[in-house]
Amino acid sequence: MLITYDVNTETAAGKTRLRKVAKQCVNYGRRVQNSVFECILDNAQCVLLKSILTDIIDEEKDSLRFYYLGNNYKTKVDHMGVDRGLAADDTLIL
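This report concerns the structure included in the present document. (Residues numbered from 1 in each chain as written. Predicted model: local features only at pLDDT ≥ 70, side-chain atom pairs only at ≥ 80, totals over all residues. Heavy atoms only, no water.)

The antiparallel open sheet is built from four strands, whose spatial order is β2-β3-β1-β4. Across the chains shown, the open sheet's two edge strands, defined by having one partner strand only, are β2 (29-33) and β4 (63-67). Sheet twist, expressed as the average angle between the axes of neighbouring strands with direction ignored, equals 25°. Strand direction decides the pairing type here: strand β1 (residues 2-6) and strand β3 (residues 36-39), joined by three bridges, are antiparallel. From the neighbouring strand, Ile3 faces β3, where its bridge partner is Phe37. The sheet strands contacting helix α2 (residues 43-56) are β1 and β4, and the helix crosses β4 at an angle near 165°. (Pairing = 2+ DSSP bridges. Helix = DSSP H or I, 4+ residues; strand = E, 2+ residues; numbered from the N terminus. Axes fitted to C-alpha atoms, helices over the stretch in contact; angles between N-to-C directions. Contact = heavy atoms within 4.5 Å.)

Once that is clear, we can look at the nonpolar core. Membership of the largest hydrophobic core comes to 17 residues, with the highest contact counts inside it found for Ile3, Tyr5, Val21, Cys25, Leu53, Leu64 and Phe66. Residue assignment for this core shows that the elements contributing at least two residues are β1, α1 (12-28), β3, α2 and β4. Tyr5 has contacts with Leu18, Val21, Ala22, Cys25, Arg31, Asn34, Ser35, Phe37, Ser63 and Leu64, leaving out every residue within four places of it along the chain. (Core = buried A, V, L, I, M, F, W, Y, C linked by side-chain atoms within 4.5 Å. Buried < 20%, exposed > 50% of the residue type's maximum accessible area, 1.4 Å probe, protein only.)

Attention shifts here to the pairing of β4. Only one face of β4 is covered, namely the one carrying Leu64 and Phe66; the face carrying Ser63, Arg65 and Tyr67 has none of its residues buried. Pairing between β1 and β4: five bridges, direction antiparallel. Opposite Asp6, over in β4, you have Ser63 as the bridge partner.

Here four bridges tie β2 to β3, and the two strands are oriented antiparallel to one another. Looking at β3, one finds that Arg30 is bridged to Glu38. Adjacent in sequence and paired antiparallel, β2 and β3 are bridged by two residues.

The subject of this paragraph is the packing of α1 against α2. Their axes nearest at 9 Å, the elements α1 and α2 cross at an angle of 170°. When the axes of α1 and α2 are compared, the pair comes out roughly antiparallel. Taken together, the residues of α2 that come into contact with α1 (itself represented by Arg17, Lys20, Val21, Gln24, Cys25 and Tyr28) are Gln45, Leu48, Leu49, Ile52, Leu53 and Ile56. (Parallel < 35°, antiparallel > 145°, perpendicular 65-115°, else oblique.)

A complete count under the given rule lists two salt bridges for this structure. Across the pair Asp62 and Arg17 runs a salt bridge, and its minimum N-O distance is 2.6 Å. Of the two residues, Asp62 sits in the loop between α2 and β4 while Arg17 sits in helix α1, which places them 45 residues apart along the sequence. Judged by its relative accessible area of 12%, Arg17 falls in the buried class. Close ionic contact of Arg30 with Glu38 constitutes a salt bridge, the shortest N to O distance being 3.2 Å. Judged by its relative accessible area of 15%, Arg30 is buried. (Salt bridge = Lys/Arg side-chain N within 4 Å of Asp/Glu carboxyl O.)

This is the structure in structure tokens:
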């Protein structure tokens with residue numbers, strides 16, 4: 001899934017919402033651009049994350065978009081330029 005968001009940051013409350021949205025997205029995937037995250041989620045995680053994010057945003061000022069890319073998502077992404085770290089499904093050893 002690709003998640004994009006646009007949060008109105010003209011107020012302090014908007015800046016807080018922006019940080020909260022980004023923090024939740026980081027918990028579920030990797031940031032590929034400032035307001036774009038790639039996430040590999042099962043159905044339950046997807047429902048939970050959408051619920052969390054819609055509770056955070058102000059639907060009259062902010063926007064969330066969810067793109068469902070499916071299991072073969074790698075064939076649907078064409079990337080050029082600087083890459084931001086590991087792929088969402090890469091193994092990470094700490």
